[in-house]
Amino acid sequence: MNTLLFPVILAGGKGERFWPLSRKDRPKQFLSLDGSSRSLLQATADRLIKLGGGWDFLWVITSSQIADGVRQQLPDLPVENLLIESEGRDTAAAVAWTSLEIKQRYGEDAVIGFFPADHWIADQEAFAHTLSAATQLATSTAAIVTLGIKPTFPSTGYGYIEQGEKIGSFNELPAYHVNRFTEKPDRETAETFLSTGRFSWNSGMFVFQAGVVLKELHTHAPEIIEPLERHGPDIYPQLPKKSIDYALMEKTTLAYVLPVDFGWDDLGDWNAIERLLKKEETPNVELATHVGLDTQGAIIYASNPEDVVVTIGLEDVVIVRDRNVTLVVKKERTQEIKQILKILQNDSRLTDLL
């Protein structure tokens, strides 16, 4: 049986809530948001190639619009391990196509892990330990293993996983059957979830054998897997647009969860920069040349080091300066950036800002 993990990076996202830094030609996964020199995509690849066989066993699936950028960012990735979607159809199609390709090359028992390209992980050693446990579970039983992040606050921005019966321990980590997946809850529900101790945040990271997930896709999402098997990726634009959570994870009885804690953030919007970089002794998070008077709780970013941002009397705002755009938004309203992008998209004078 194959116990090597084949990691797959899901690199098709847009990261619209990081606009104006994230744009069509430079999506979020190409950005460095933690003050390092490595982009989120490169940092994801760095930690995954250490898990097994190096670059030859790493796969990436991305969109045709940014495939050239992926090649530039990951020059050591074998060309045959880069799958390019002609049109984005969400994560269910991406998982199905990649699993078919890996099964064809390595067999049904190949263990595959899927990882978003734009997550931040603090403890690399604990992450590797967790992936070893997930691989052991996936090879010992017909399991679709999801990594559940131990929640640190009652987030309304993440989905939740409720753990059911404990089925054993792997690499000293307890594993549970999944009772249910819940979409982003309201605050009261999230607080209730945390009080039970039975819920984890849904990280969007999965590990399973190729044959197991393909069989489950045949059962629960035949409208995706069967056209791919018959016609190959040419059928992609005609596939339904569904997430892997909706198409499979909420329906399968083979879902298991490992509640883990290795320091994680999905970097969903500009407020994530504060969670990563805020220091107690400083009033603001500054990734720019900033001159401030009576300004606190601000997140300030400028892509051009020659640009100077000057503020007076501001509190709890995000200021982003990139190329020909300056964004100023209250921190509690950063989720509404996507609405601004719709306005730009409908104005022919402004579409070049997207």
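What you see is a predicted model; the values in this text were computed from it and never measured.

Asker: Explanation requested: the packing of aromatic side chains in the structure shown.
Answerer: The way to describe two aromatic rings as a pair is by their centre distance and the angle between their planes. Scanning the model with the defined rule gives 15 aromatic pairs in all. Here the aromatic rings of Tyr-158 and Trp-201 are separated by 4.7 Å at their centres, their planes lie at 65°, and the arrangement is edge-to-face. One end of the pair, Tyr-158, is in the loop between strand S6 (144-149) and strand S7 (160-170); the other, Trp-201, is in strand S9 (residues 199-209), with 43 residues separating them in the sequence. With respect to class, Tyr-158 is no different from Trp-201; both count as buried. Ring plane angle 45° and centroid distance 6.3 Å describe the contact between Trp-201 and Trp-264, whose orientation is recorded as tilted.

Asker: How should the pattern of salt bridges be read in this particular structure?
Answerer: Oppositely charged side chains can pair when the atoms bearing their charge come close. By the definition in use, this model includes 20 salt bridges. With a shortest N-O distance of 3.1 Å, Asp-118 and Lys-28 are connected by a salt bridge. You can see Asp-118 sitting in the loop between strand S4 (111-116) and strand S5 (120-121) and its partner Lys-28 sitting in the loop between strand S1 (5-10) and helix H1 (40-49), a full 90 residues away along the chain. On the basis of relative accessibility, which here comes to 5%, the residue Lys-28 falls in the buried class. The salt bridge partner of Lys-103 is Glu-108, with a shortest N-O separation of 3.9 Å. Lys-103 sits in the partly exposed class, given a relative accessible area of 30%.

Asker: Where do I start with the pairing of strand S17 (residues 325-330) in this structure?
Answerer: Moving residue by residue along a regular strand, the side chains alternate between the two faces of the sheet. Only one face of S17 is covered, namely the one carrying Val-325, Leu-327 and Val-329; the face carrying Thr-326, Val-328 and Lys-330 has none of its residues buried. As paired strands, strand S16 (residues 317-322) and S17 are joined by six bridges and run antiparallel to one another. Bridging from a neighbouring strand, Val-317 pairs with Lys-330 of S17. Between the end of S16 and the start of S17, which pair antiparallel, lie two residues, with Arg-323 showing a positive phi angle near 50°.

Asker: Is there a simple way to explain a nonpolar patch on the surface in this structure?
Answerer: Taken together, the side chains of Val-291, Leu-293, Val-308, Val-310 and Ile-312 define a hydrophobic patch exposed on the protein surface, amounting to about 490 Å² of accessible area. Of all elements in the fold, only strand S13 (289-293) and strand S15 (308-312) reach the threshold of two or more residues within the nonpolar patch. If one sorts the elements of the nonpolar patch by residue count, S15 sits on top with three residues. Position of Ile-312 among the secondary structure elements: in strand S15. On the accessibility criterion, Ile-312 (61% relative accessible area) is exposed.

Asker: Would you mind going over empty space enclosed by the protein with me for this structure?
Answerer: Summed over the entire model, instances satisfying the criterion amount to one cavity of 30 Å³ or more. Taken as a whole, the largest cavity holds about 30 Å³ of empty space. Considering the residues around the largest cavity, the lining is formed by Thr-44, Arg-47, Phe-115, Pro-116, His-119, Ile-121, Phe-127 and Met-205. Of all elements in the fold, only H1 and S4 reach the threshold of two or more residues within the lining of the largest cavity. In terms of residue class, the lining of the largest cavity is built from five nonpolar, two polar and one charged.

Asker: I would appreciate a short explanation of helix H10 (residues 337-345) in the present structure.
Answerer: Spacing of three or four residues puts side chains on the same side of an α-helix, whose turn is 3.6 residues. Where H10 is concerned, the buried positions are Ile-337, Leu-341 and Leu-344. Along H10, the residues classed as buried sweep out an arc of 60° about the axis, all on the same side. For H10, the exposed residues set more than 90 degrees away from the buried face come down to Lys-342 and Ile-343. Turning to H10, the residues buried within the fold contact S17.

Asker: Hey, could you run me through the packing of helix H6 (residues 210-220) against helix H7 (residues 222-231) in this one?
Answerer: Packed helices, taken two at a time, are described by the angle between their axes plus the distance between the axes. Two numbers describe how H6 lies on H7: the axes approach to 6 Å, and their chain directions differ by 115°. Where H6 abuts H7, its residues Leu-214, Leu-217, His-218, Thr-219 and His-220 lie against Pro-222, Glu-223, Ile-225, Glu-226 and Glu-229. When the residues that make up the contact of H6 with H7 are grouped by side-chain class, the tally is four nonpolar, three polar and three charged.

Asker: When you look at the nonpolar core in this model, what are you seeing that I'm missing?
Answerer: Nonpolar side chains tend toward joint burial in soluble globular proteins. Of all hydrophobic cores here, the largest spans 45 residues; its most connected members are Ile-9, Leu-258 and Phe-262. Among the elements that take part in this core, helix H4 (residues 124-140) stands out by supplying six residues, more than any other. Setting aside chain neighbours within four positions, we find Leu-258 in contact with Thr-130, Ala-133, Ala-134, Val-145, Thr-146, Leu-147, Gly-148, Leu-173, Pro-174 and Ala-175. One finds Ala-94, Leu-100, Phe-181 and Val-257 within the second-largest nonpolar core, a separate group that totals 43 residues.

Asker: Looking at this model, I keep getting lost on the sheet that holds S17. Mind explaining?
Answerer: Neighbouring strands of a sheet are bound in pairs by backbone hydrogen bonds; such pairs are parallel or else antiparallel. Read across the open sheet, the four strands follow the order S12-S14-S16-S17; overall the sheet is mixed. Strands with a single pairing partner mark the edges of an open sheet, and in this sheet they are strand S12 (285-287) and S17. The sheet shows a mean angle of 5° between the axes of neighbouring strands, taken without regard to direction.

Asker: Just to check I follow, could you spell out the pairing of S16 for this structure?
Answerer: Of all six residues that make up S16, five are buried, and the element is covered over most of its length. In this structure, strand S14 (residues 299-302) lies alongside S16, joined through four bridges in parallel fashion. Note that in S16 the partner of Ile-300 across the bridge is Ile-319.

Calculation rules
- Residues numbered from 1 in each chain as written.
- Predicted model: local features only at pLDDT ≥ 70, side-chain atom pairs only at ≥ 80, totals over all residues.
- Heavy atoms only, no water.
- Phe/Tyr/Trp six-rings, centres within 6.5 Å; stacked < 30°, edge-to-face > 60°.
- Helix = DSSP H or I, 4+ residues; strand = E, 2+ residues; numbered from the N terminus.
- Buried < 20%, exposed > 50% of the residue type's maximum accessible area, 1.4 Å probe, protein only.
- Salt bridge = Lys/Arg side-chain N within 4 Å of Asp/Glu carboxyl O.
- Pairing = 2+ DSSP bridges.
- Patch = residues over 30% accessible without salt bridge, like charges linked within 9 Å, V, L, I, M, F, W, Y side chains within 5 Å.
- Areas by Shrake-Rupley, 256 points an atom, 1.4 Å probe, with all protein chains shown as cover.
- 1 Å grid on protein atoms, 1.4 Å probe; cavity = no way out; pocket = protein on both sides within 12 Å on 5 of 7 lines; lining within 4 Å.
- Points joined across faces, edges and corners; volume = space filled by probe spheres on them.
- Nonpolar A, V, L, I, M, F, W, Y, C, P; charged D, E, K, R; others polar.
- Arc of directions from axis to C-beta.
- Contact = heavy atoms within 4.5 Å.
- Axes fitted to C-alpha atoms, helices over the stretch in contact; angles between N-to-C directions.
- Core = buried A, V, L, I, M, F, W, Y, C linked by side-chain atoms within 4.5 Å.

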